Amino acid sequence: MSAHVDPRLLRAFVTVAEELHFTRAAARLYVAQQALSRDVRRLERELGGELFVRTTRHVTLTADGERLLPYARAVLQAQDDLLAAAGQARPLLVDLNSPGLITPRLVLHRARELAPGHELMARYESGLTWAAGEVLAGRLDASFGRFAGLAPALRSGLAHRPVRYEPMAVVLPEEHPLAARPEVPLAALAGETVYAGAGNPRTPEWTDLARALFEGRGIALAPPAPLAVGDEEFQRIMRRTRHPILAVVDFPPLPATVLRPLVDPVPLSPVSLVWRKGMLHPGLGALRRAAALVAAEEGWLRRPEGGWIPKLDIVAMAAH
């Protein structure tokens, strides 16, 4: 067995062990599947034993692979910590949820100004619940969204910093009777069926917030719609159903619709910066500083008088 093992080979092994799928692991590492398979084979030769059982349908760890996995993870974490301490860290992968949302984008832009020597790369995972799982698995480094809406098992491994109480809004078809109003009182939505992502496994924290807002106000939560991937498909599905869409005031414009803020009371969407507990990366420090600076400059953490927010979120936003 070789006395020196290339950390790149260990990273290939750990990624395949986590995905149990060579194609997905190669995509995650941005390498060709053939190159990834070659690296795993090389590691097996250097260690003198098979690490995976490969069939046409399944990839599983051997007993040797199971024994190696925790040690390989420890070596890679030590390497990441060393690089972070030396200021030579890998890119920080930051989920902005969806293109066009202003809150996470402003924070990321400020973080890049604070840490020009580090690469902070945007990703778009379309929902904090999904992104949180990716953060805990090490495939993402940070995300934004409603921390209190996450399942306890996800929250337990994550840290967060409140960023904004973002006023909520509704997206209406141009011909909708409420579209002529500059603001839409919540009472005016009584009898409406409003889409809030029901059935989307990436965004249950948003649907839960909508359900709490609609309760007792005569507003129905739209049933699950086919999961639309991309703006064009989302717009097509919404044109077909014609349901108003629950959104935030900075929601990017959609063709043939209008965005109207909700009032009486103003419902608030709590937004936090979320990352894995214990994570070390100089880019993360810049991101956390940027979140605090932008929130203070924009007054994002001042709740409007009478603004609506669930008690669970008030507690979560205060106890960070």
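Residues numbered from 1 in each chain as written. Predicted model: local features only at pLDDT ≥ 70, side-chain atom pairs only at ≥ 80, totals over all residues. Heavy atoms only, no water.

Enquirer: Pulling in residues and values, what's your account of the pairing of strand β5 (residues 142-145)?
Expert: Neither face of β5 is exposed, since A142 and F144 on one face and S143 and G145 on the opposite face are all buried. For β5 and strand β12 (residues 268-276), the ladder comprises four bridges, and the chain directions are antiparallel. For A142, the partnering residue across the bridge sits in β12 and is W275. (Buried < 20%, exposed > 50% of the residue type's maximum accessible area, 1.4 Å probe, protein only. Helix = DSSP H or I, 4+ residues; strand = E, 2+ residues; numbered from the N terminus. Pairing = 2+ DSSP bridges.)

Enquirer: Quick one: what's the story with the packing of aromatic side chains, residue by residue and with numbers?
Expert: Here the structure, examined in full by the defined rule, presents two aromatic pairs. Ring geometry for F13 versus F52: centroids 5.5 Å apart, planes at 50°, classification tilted. In this pair, F13 sits in helix α1 (residues 7-19) while F52 sits in strand β1 (residues 52-54), placing the two residues 39 residues apart along the sequence. Considered together, F13 and F52 belong to a single accessibility category, that of buried residues. Measuring from ring centre to ring centre gives 6.1 Å for F22 and F52, while their planes differ by 70°; the resulting arrangement is edge-to-face. Of this pair, F22 sits in helix α2 (residues 22-29) while F52 sits in strand β1, placing them 30 residues apart in sequence. Accessibility expressed as a relative area gives 9% for F22, which makes it buried. Looking at F52, the relative accessible area reads 1%, which means it is buried. By way of ring pairs, the aromatic residues F13, F22 and F52 are connected into one cluster. Its guanidinium or amino end placed over the ring of W130, R202 lies 4.2 Å from that ring's centre, counting from NZ or CZ. (Phe/Tyr/Trp six-rings, centres within 6.5 Å; stacked < 30°, edge-to-face > 60°. Lys NZ or Arg CZ within 6 Å of the ring centre and 35° of its normal.)

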